[in-house]
Amino acid sequence: MNFKKQLREGLLTQNPVLVQLLGMCSTMAITTSLFNGLGMGLSVLVILVCSNVVISLLRKVIPSKIRIAAYIVIIAGFVTMVDLLMQAFLPDLSESLGVFIPLIVVNCIILGRAEAFASKHSVAASAVDGVTQGLGYTAALVVMCIIRELLGNGTFGGGVLSADGIRIIAEPYPALMMILPVGGFLTLGCLIAFSQWLIKKLDDKEKEAAAK
Amino acid sequence: MSVTKLFSIALGAILVNNFILVQFLGICPFMGVSKKMDTALGMGVAVIFVMGIASAATWLINEYLLVRLGLQYMQTVAFILVIAALVQLVEMFLQKAVPALYQALGIYLPLITTNCAVLGVALLNVQNSYNFIESVVYGVTGGIGFLVAICLFASVRERVDNCECPKSFEGFPIALISAGLLALAFMGFSGLRVF
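These figures come from a predicted structure and were not determined experimentally. (Residues numbered from 1 in each chain as written. Chains lettered and ligands numbered in written order. Predicted model: local features only at pLDDT ≥ 70, side-chain atom pairs only at ≥ 80, totals over all residues. Heavy atoms only, no water.)

1. Things to note about the pattern of salt bridges
By the definition in use, this model includes 6 salt bridges over all chains. The closest approach of N and O atoms between Arg113(A) and Asp129(A), which form a salt bridge, is 2.9 Å. Here the residue Arg113(A) occupies a position in helix α6 (residues 108-118), and Asp129(A) occupies one in helix α7 (residues 123-153), the gap between them amounting to 16 residues. A salt bridge links Glu134(B) to Lys5(B); the nearest nitrogen and oxygen atoms lie 3.2 Å apart. (Salt bridge = Lys/Arg side-chain N within 4 Å of Asp/Glu carboxyl O. Helix = DSSP H or I, 4+ residues; strand = E, 2+ residues; numbered from the N terminus.)

Encoded structure:
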């Protein structure tokens, strides 16, 4: 398995959020500051890698009839671990992500990768797949966060660079709407449209190069 | 517990804190099965049904099993298993007992297990420390909120499909943008309170 190809797939051509359209609840709900986005993205990355590895290890043991139930239990176990660790060491993050941490259990990305990839491939390939898909998810979240935080709050890097972020747009001007639910839908819609345009453009370029 | 409190929970779940448009729970089925009005209606009814039963079951499990044994940290695992088993049971029961309803809801039921709104309502019931009746009311009205949102969205989407829009926006992105406008409309309900 080619790492570079998998990375490209995870980040762009098979991006879990922008192309496969999985796990949209959390993508829209928590992307209001860079801190939230990074925290959520990295927790999903960790859970995805762990569950992919375990499911890949057990792929010959789990009977195919009850595999979905078994996957859910494995994933729920890892989610609980991350949830408890976060409550202990990063209480602020745990507070602001709230119910969306336990809800990673029903995030279709993780179950989707378990079913589509980890149950058919070796442990190493599954781990790599977890990393690349997790990075793709994190990248999409971070982009959403940066756009929404900048337009809605007028700041950059809230919680990461400084407590309230670096102010770029002066106080009265940002459109509060962008950090409200409306902004989530609008930003994700535009982002998906942009990624479709980009993928099409890259495809055309490759075809042209191949024709020459 | 007063009727006013139940009414304010219901109003909150349907309009002010709509599960889909304000809390972002259950977006996947919301986007996935909203292409036609009748499928949207079927999904909405199935969600009301499951959310009501799941709220009741998870409340009982939490109160009499997890809290008694001091196992609250197993909440996520226990709830998702209960919901998965419950959906399966409901499906089998309907198939035998009410075949007509099963025919109507059949294909939507398995999808509901991975609907974040169902697990979400169970977790929120615990977080808000609702009692049994409040939990069930919150579950059912949350489902009604889902039905309202998905039906409104399906009828918008049927029309959007017939319109011309930029190539890159075709299909999913334009649907998200229309959902955004719907969410904007629902913002009008924020601040609505029962005293």
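Past the structure itself, the notes keep going.
2. Quick notes on the packing of helix α4 (residues 75-97) of chain B against helix α7 (residues 116-127) of chain B
The description of two packed helices rests on the angle between their axes and on the distance between the axes. Residue and element names in this part refer to chain B. Relative to each other, α4 and α7 sit at 135°, their axes nearing to 10 Å. Considered as vectors, α4 and α7 are oriented oblique to each other. Regarding α4 and α7, the two cross each other, and that crossing is right-handed. Taking contact as the criterion, the partners of Gln75, Phe79, Ile80 and Ile83 in α4 are, on α7, Val118, Leu119, Ala122, Leu123 and Val126. Tallied by class, residues from the contact of α4 with α7 come to 8 nonpolar, 1 polar and no charged. (Axes fitted to C-alpha atoms, helices over the stretch in contact; angles between N-to-C directions. Parallel < 35°, antiparallel > 145°, perpendicular 65-115°, else oblique. Left-handed = near helix turned anticlockwise from the far one by under 90°. Contact = heavy atoms within 4.5 Å. Nonpolar A, V, L, I, M, F, W, Y, C, P; charged D, E, K, R; others polar.)

3. So, the packing of aromatic side chains
The relation between two aromatic rings is expressed through the spacing of the ring centres and the mutual angle of the planes. Residue and element names in this part refer to chain B. Under the definition given, this model contains 8 aromatic pairs over all chains. With a centroid separation of 4.6 Å and 25° between ring planes, the pair formed by Phe30 and Phe153 is classed as stacked. With Phe30 in helix α2 (residues 27-32) and Phe153 in helix α8 (residues 132-160), the pair connects residues that are 123 residues apart, well separated along the chain. Phe30 gets classed as buried once you look at its relative accessible area, which sits at 0%. You can call Phe153 buried: its relative accessible area is 0%. An aromatic cluster of at least three residues, connected via ring pairs, comprises Phe19, Tyr130 and Tyr138. (Phe/Tyr/Trp six-rings, centres within 6.5 Å; stacked < 30°, edge-to-face > 60°. Buried < 20%, exposed > 50% of the residue type's maximum accessible area, 1.4 Å probe, protein only.)

4. Observations regarding the interface of chain B and chain A
Across the contact, 35 residues belong to chain B and 33 residues belong to chain A. Overall, the association of chain B and chain A removes approximately 3000 Å² of surface from exposure, summing both partners, and the carbon and sulfur fraction of that is 87%. Our enumeration of links across chain B and chain A arrives at 0 salt bridges. Counting only elements with at least two residues in the side of chain B that touches chain A, the list comes to α2, α4, α7 and α9 (172-187) of chain B. (Buried area = accessible area lost by both parts, 1.4 Å probe.)

5. Considering empty space enclosed by the protein
Going through the model one piece at a time under the given rule, you end up with 2 cavities of 30 Å³ or more. Its boundaries defined by the atoms lining it, the largest cavity holds a volume of some 90 Å³. Along the wall of the largest cavity there are 13 residues; nearest its centre are Cys25(A), Ser26(A), Leu103(A), Asn107(A) and Cys116(B). Classifying every residue of the lining of the largest cavity gives 10 nonpolar, 3 polar and no charged. Empty space within the second largest cavity amounts to approximately 40 Å³. Residue lining of the second largest cavity: Ile72(A), Val105(A), Val106(A), Leu111(A), Ile80(B), Thr113(B) and Thr114(B), and that is the complete set. Each residue belonging to the lining of the second largest cavity can be placed in one class, and the counts come to 5 nonpolar, 2 polar and no charged. (1 Å grid on protein atoms, 1.4 Å probe; cavity = no way out; pocket = protein on both sides within 12 Å on 5 of 7 lines; lining within 4 Å. Points joined across faces, edges and corners; volume = space filled by probe spheres on them.)

6. Considerations on the nonpolar core
Considering soluble globular proteins, one finds that nonpolar side chains tend to be buried as a cluster. Membership of the largest hydrophobic core comes to 114 residues, with the highest contact counts inside it found for Met40(A) and Phe100(A). The residues contacting Phe100(A), other than those within four sequence positions of it, are Cys25(A), Ser26(A), Ala29(A), Ile30(A), Met40(A), Gln23(B), Phe24(B) and Leu25(B). (Core = buried A, V, L, I, M, F, W, Y, C linked by side-chain atoms within 4.5 Å.)

7. Quick notes on the layout of surface pockets
Space inside the largest pocket adds up to approximately 550 Å³. Lining the largest pocket are 21 residues, and of these Leu111(A), Pro110(B), Leu111(B), Thr113(B) and Thr114(B) sit closest to its centre. Within the residue set of the lining of the largest pocket, elements represented by two or more residues are α4 (67-89) and α6 of chain A together with α2, α4 and α6 (108-112) of chain B. Per-element tally for the lining of the largest pocket: the top contributor is α4(B), with 5 residues. Each residue belonging to the lining of the largest pocket can be placed in one class, and the counts come to 14 nonpolar, 6 polar and 1 charged. Taken as a whole, the second largest pocket encloses approximately 330 Å³ of empty space. The greatest single-element share of the lining of the second largest pocket, amounting to 4 residues, is contributed by α4(A). Considering only residue class, the lining of the second largest pocket consists of 7 nonpolar, 8 polar and 2 charged.

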